[in-house]
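Descriptive analysis of the structure
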Amino acid sequence: MTMLAAALFTLMPLAATPAQDDAAKMEWVMAEGDRFDLTWTYAEQRKREPGRGETIETHDKRDVAAELVWKSEGILTLVIKKVGWSYGTQDYEVTLTYVEGKKLDPQLKMKATEKSPGYSVSKTDADRMVEYMRKMTDGEFTVDTASEKGRTLMLWNGGNLRDQGQLSLLGRIFTHPLLPSGPVRIGQVFKDPLDVTNLTAGLTEIKEVESKVTAVGDKGLIAKGGVNIPVGKSTVASGSTQTMTGNFTYTCEWNYSPQQYLQGSKEESKFTKKVDAKGKEADFYRETFNHSISQTLTIKKKPPAPGEQKKKSAPEEKPGEEKKPAEK
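Everything numeric in this text was worked out from a predicted model, so none of it was measured. (Residues numbered from 1 in each chain as written. Predicted model: local features only at pLDDT ≥ 70, side-chain atom pairs only at ≥ 80, totals over all residues. Heavy atoms only, no water.)

Here's the deal with the overall build of the chain
- Secondary structure summary: the chain contains five helices and 14 strands in total.
- Counting over 328 residues, the chain shows a buried share of 34%.
- The long-range share in the chain, meaning contacts at least 24 apart out of those at least 6 apart in sequence, stands at 59%.
- Of the roughly 20,100 Å² of accessible surface on the chain, a fraction of 52% belongs to carbon and sulfur atoms. (Helix = DSSP H or I, 4+ residues; strand = E, 2+ residues; numbered from the N terminus. Buried < 20%, exposed > 50% of the residue type's maximum accessible area, 1.4 Å probe, protein only. Contact = heavy atoms within 4.5 Å. Areas by Shrake-Rupley, 256 points an atom, 1.4 Å probe, with all protein chains shown as cover.)

Here is the structure:
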């Protein structure tokens, strides 16, 4: 055999099945007794600096640990284990540290004095948050992977939290957009509605975000998406010309485990704008504004408890059936 032939013989096995032909489904497959650990972090910040008046700021930071427990086909009960929550503005701060089984005891600290402008409005908002936190664990939280194929829904008392638009600890969780019904491959692209809360309506005609499958393998089935949107407009009102420039960026990612469950997701969005004004009352219209949101969800399947594993593997004995002696 010549050296050239030997080299070709050595290289031939490398041209077997190409990696891009690998395909698998992004889906939940669960059974009775399955349990998962869930952690979720969420951070939102908003800051407006007007040309006239005081800076307005809000922040919302949540750290949640929970357990998912099999309830029925495609449904998991979500049990809240720990919560750290800080919410507030330049006028007040509400904090909560909670551990399962302990009393819900949110703490309110007013930064503004009773004589400060807007005190009554801020106090009302703060009291509303405190009241919600005191009953935060009421009702039943569930994860529904069965009602709408291709979606992982967070429910409270049977209703979709993201659709309800009401204050809720878990109301902002991002899992993933609608998934294809069949197997996915690396490079596969799909488009979904751009569902965000920090982009001012009417600034852009872009309504979709494009995502692409980037990995199919031992580390999971991973898809990533994003969009970058420059924004701007000019208006004339009350003898003043206002020019607004800004930008909106959005990224998302999700990962399905080879063991067939959603093992993680991420979402980040940031909107910035600056308004310059000339003419009458220019200072009134000038402002800079920043609004950012980031979150990370992690889910990990728990191994069966030793007793549960033995119970599943042991053969079931029928009543009245005698055990056969072990063969020698």
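A short note on the pairing of strand β14 (residues 287–301)
- As defined by bridge partners, strand β1 (residues 35–50) adjoins β14 across 15 bridges and the pair is classed as antiparallel. From the neighbouring strand, alanine 43 faces β14, where its bridge partner is serine 294.
- Where strand β13 (residues 262–279) meets β14, 12 bridges bridge the pair, whose relative direction is antiparallel. Bridged to lysine 270 within β14 is serine 292. (Pairing = 2+ DSSP bridges.)

Structural notes on the pattern of salt bridges
- Considering all chains together, one arrives at 20 salt bridges under this definition.
- Between arginine 46 and glutamate 44 there is a salt bridge, and its shortest N-O distance comes to 3.4 Å.
- The residue arginine 151 makes a salt bridge to glutamate 148 at a minimum N-O spacing of 3.3 Å.
- The class for arginine 151 is partly exposed, based on a relative accessible area of 31%.
- In this structure glutamate 148 comes out as partly exposed when scored by relative accessible area, which is 38%.
- One network of salt bridges, in which partners are shared, links Arg35, Asp37, Glu67, Lys81, Glu100 and Lys302. (Salt bridge = Lys/Arg side-chain N within 4 Å of Asp/Glu carboxyl O.)

Quick look at the confidence of the model for the chain
- With 87% of its residues at a pLDDT of at least 70, the chain reaches an overall mean of 87.
- Residue range residues 1–20 is modelled with pLDDT below 50. Its contacts to residues more than four positions away, or to other chains, number two contacts.
- Counting contacts from residues 310–315, a segment whose pLDDT is below 50, to residues more than four positions away or on other chains yields one contact. (pLDDT = per-residue confidence, 0-100.)

Some details on the pairing of strand β7 (residues 153–156)
- With four bridges connecting them, strand β6 (residues 141–144) and β7 associate as antiparallel partners. Paired with threonine 142 across the two strands is leucine 155, which belongs to β7.
- Hairpin remark: β7 followed by strand β8 (residues 159–160), antiparallel, with two residues in the connecting loop; positive phi at asparagine 157, about 50°.

Overview of the packing of aromatic side chains
- Counted under the stated rule, the structure contains eight aromatic pairs.
- Measuring from centroid to centroid gives 5.5 Å for tryptophan 40 and tyrosine 42, while their planes differ by 35°, and the two rings are tilted.
- Given the relative accessible area of 0%, tryptophan 40 is considered buried.
- Its relative accessible area of 2% is what places tyrosine 42 among the buried residues.
- Aromatic rings pair up to connect Trp28, Phe36 and Tyr261 into one cluster.
- Positioned over the ring face of phenylalanine 289 is lysine 273, at 5.9 Å from the centre of the ring. (Phe/Tyr/Trp six-rings, centres within 6.5 Å; stacked < 30°, edge-to-face > 60°. Lys NZ or Arg CZ within 6 Å of the ring centre and 35° of its normal.)

Examining the environment of threonine 55
- Here threonine 55 is to be found in the loop between β1 and β2 (56–72).
- Accessibility expressed as a relative area gives 30% for threonine 55, which makes it partly exposed.
- Separated by 35 residues in the primary sequence, threonine 55 and glutamine 90 have C-alpha atoms spaced 8.2 Å apart.
- Contacts of threonine 55, omitting those with residues within four sequence positions, involve Lys47, Arg48, Glu49, Pro50 and Gln90.

Structural notes on the side chain of glutamine 295
- If you trace the backbone, glutamine 295 turns up in strand β14.
- Classification of glutamine 295 by relative accessible area gives buried; the value is 4%.
- A polar side-chain atom of glutamine 295 sits 2.8 Å from a polar atom in the side chain of tryptophan 40.
- Among the polar contacts made by the side chain of glutamine 295, one reaches the main-chain amide nitrogen of phenylalanine 174 at a distance of 2.9 Å.
- Excluding its chain neighbours within four sequence positions, the residues that come into contact with glutamine 295 are Trp40, Thr41, Tyr42, Arg172, Ile173, Phe174, Ser265, Lys266 and Glu267. (Polar contact = N/O pair within 3.5 Å; in protein donor to acceptor, adjacent residues only side chain to side chain.)

So, unusual backbone geometry
- Phi at asparagine 157 is positive, roughly 50°, even though this residue is not glycine.
- Position of asparagine 157 among the secondary structure elements: in the loop between β7 and β8.
- Residue classification places asparagine 157 among the partly exposed residues on the basis of a relative accessible area of 48%.
- Positive phi, close to 70°, is recorded for glutamine 260, a residue that is not glycine.
- Locating glutamine 260 in the fold gives a position in the loop between β12 (240–256) and β13.
- For glutamine 260, a relative accessible area of 31% puts it in the partly exposed group.

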